[in-house]
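# Remarks on the overall topology
Chain residues, written in single-letter form:
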Amino acid sequence: MIDYKILVAEAYKAQKMAYIPYSNWAVGAALLTKEGKIYRGCNIESSTFSPTNCAERTAFFKAVSEGERDFVAIAIVGNDVNTPIGQGDYCSPCGVCRQVMTEFCQEDFKIILAKDYDIYQVYTLGQLMPLASLPLKNQ
Ligand code: THU
């Protein structure tokens, strides 16, 4: 049984580390492995824009680079730095992050979008990334 509230709290911890001098949009993610380990990630921006990395991919790349391959859930929070927790909206993962999730996760992987510590919605990757493209994966 996944404790979504713990994962959301970890995402809020991660959000505090966001490096966001250009957008002021702070995102935090907490990625849970099958073994129960949590990897946190924040967004990291660049003055040349395209190197910017989303919080979700930071979490995945930290975990994968440590040898993790089995994931069960990710919690995501995101808001303008001037918006107090609880007064913003859900922050849904971008298409690039969904593709990265698709690389490592099955359709039942849980994506938890939170707008407060105890206000969240739970989706599956299958819901947020239908008909995913993985042309080279199982050839
Ligand atoms: N961002 C994320 O980190 N994750 C999302 O799900 C949406 C967007 C970041 C990228 C950029 O630093 C800022 O939020 C504004 O788009």
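Here the structure is shown first, and the text comes after it.
Residues numbered from 1 in each chain as written. Predicted model: local features only at pLDDT ≥ 70, side-chain atom pairs only at ≥ 80, totals over all residues. Heavy atoms only, no water.

With that out of the way, let us pick up helix 2 (residues 55–65). Summarising burial for helix 2: 8 of the 11 residues are buried, a large majority. If you check which residues of helix 2 are buried, you get Ala-55, Glu-56, Arg-57, Thr-58, Ala-59, Phe-60, Ala-63 and Val-64. Turning to helix 2, the residues buried within the fold contact strand 1 (25–33), strand 2 (38–42), strand 3 (71–80) and helix 3 (95–104). Phi for Gly-67, located one or two positions after helix 2, is positive at around 100°. (Buried < 20%, exposed > 50% of the residue type's maximum accessible area, 1.4 Å probe, protein only. Helix = DSSP H or I, 4+ residues; strand = E, 2+ residues; numbered from the N terminus. Contact = heavy atoms within 4.5 Å.)

In this section: the site of the ligand. In the region of the ligand, 13 residues are neighbours, and Asn-43, Glu-45, Cys-54, Ala-55 and Glu-56 sit closest. Between the ligand and Glu-56, the relevant distance is 2.6 Å, taken from an oxygen atom to a side-chain nitrogen or oxygen of the residue. Surface burial for the ligand is 78%, taken as the share of its 370 Å² of free accessible area covered by protein chains. Broken down by secondary-structure element, the contributors of at least two residues to the shell around the ligand are strand 1 and helix 2. Residue classes in the shell around the ligand are distributed as 7 nonpolar, 4 polar and 2 charged. (Near = heavy atom within 4 Å. Polar contact = N/O pair within 3.5 Å; in protein donor to acceptor, adjacent residues only side chain to side chain. Areas by Shrake-Rupley, 256 points an atom, 1.4 Å probe, with all protein chains shown as cover. Nonpolar A, V, L, I, M, F, W, Y, C, P; charged D, E, K, R; others polar.)

Attention now goes to the environment of Glu-68. Structurally, Glu-68 can be placed in the loop between helix 2 and strand 3. Assessed through its relative accessible area of 17%, Glu-68 is described here as buried. Residues Glu-68 and Glu-35 lie 33 residues apart in sequence; the distance between their C-alpha atoms is 9.4 Å. With residues near it in sequence (within four places) discarded, Glu-68 still touches Thr-33, Lys-37, Tyr-39 and Ala-63. In this structure the side chain of Glu-68 is engaged in a polar contact, spanning 2.9 Å, whose partner is the side chain of Tyr-39.

In this model, helix 1 (residues 4–15) (12 residues) spans 16 Å end to end at C-alpha, consistent with the 16 Å of a helix rising 1.5 Å per residue. Those residues of helix 1 that sit buried are Tyr-4, Leu-7, Val-8, Glu-10, Ala-11, Tyr-12, Ala-14 and Gln-15. Buried-residue contacts for helix 1 involve strand 1, strand 2, strand 3, strand 4 (110–116) and strand 5 (119–124). Backbone nitrogen of Lys-5 and a side-chain oxygen of the N-cap are separated by 3.2 Å at the start of helix 1; the cap is Asp-3. (Expected span 1.5 Å × (residues − 1).)

Taken by themselves, the reported measurements are silent on function.
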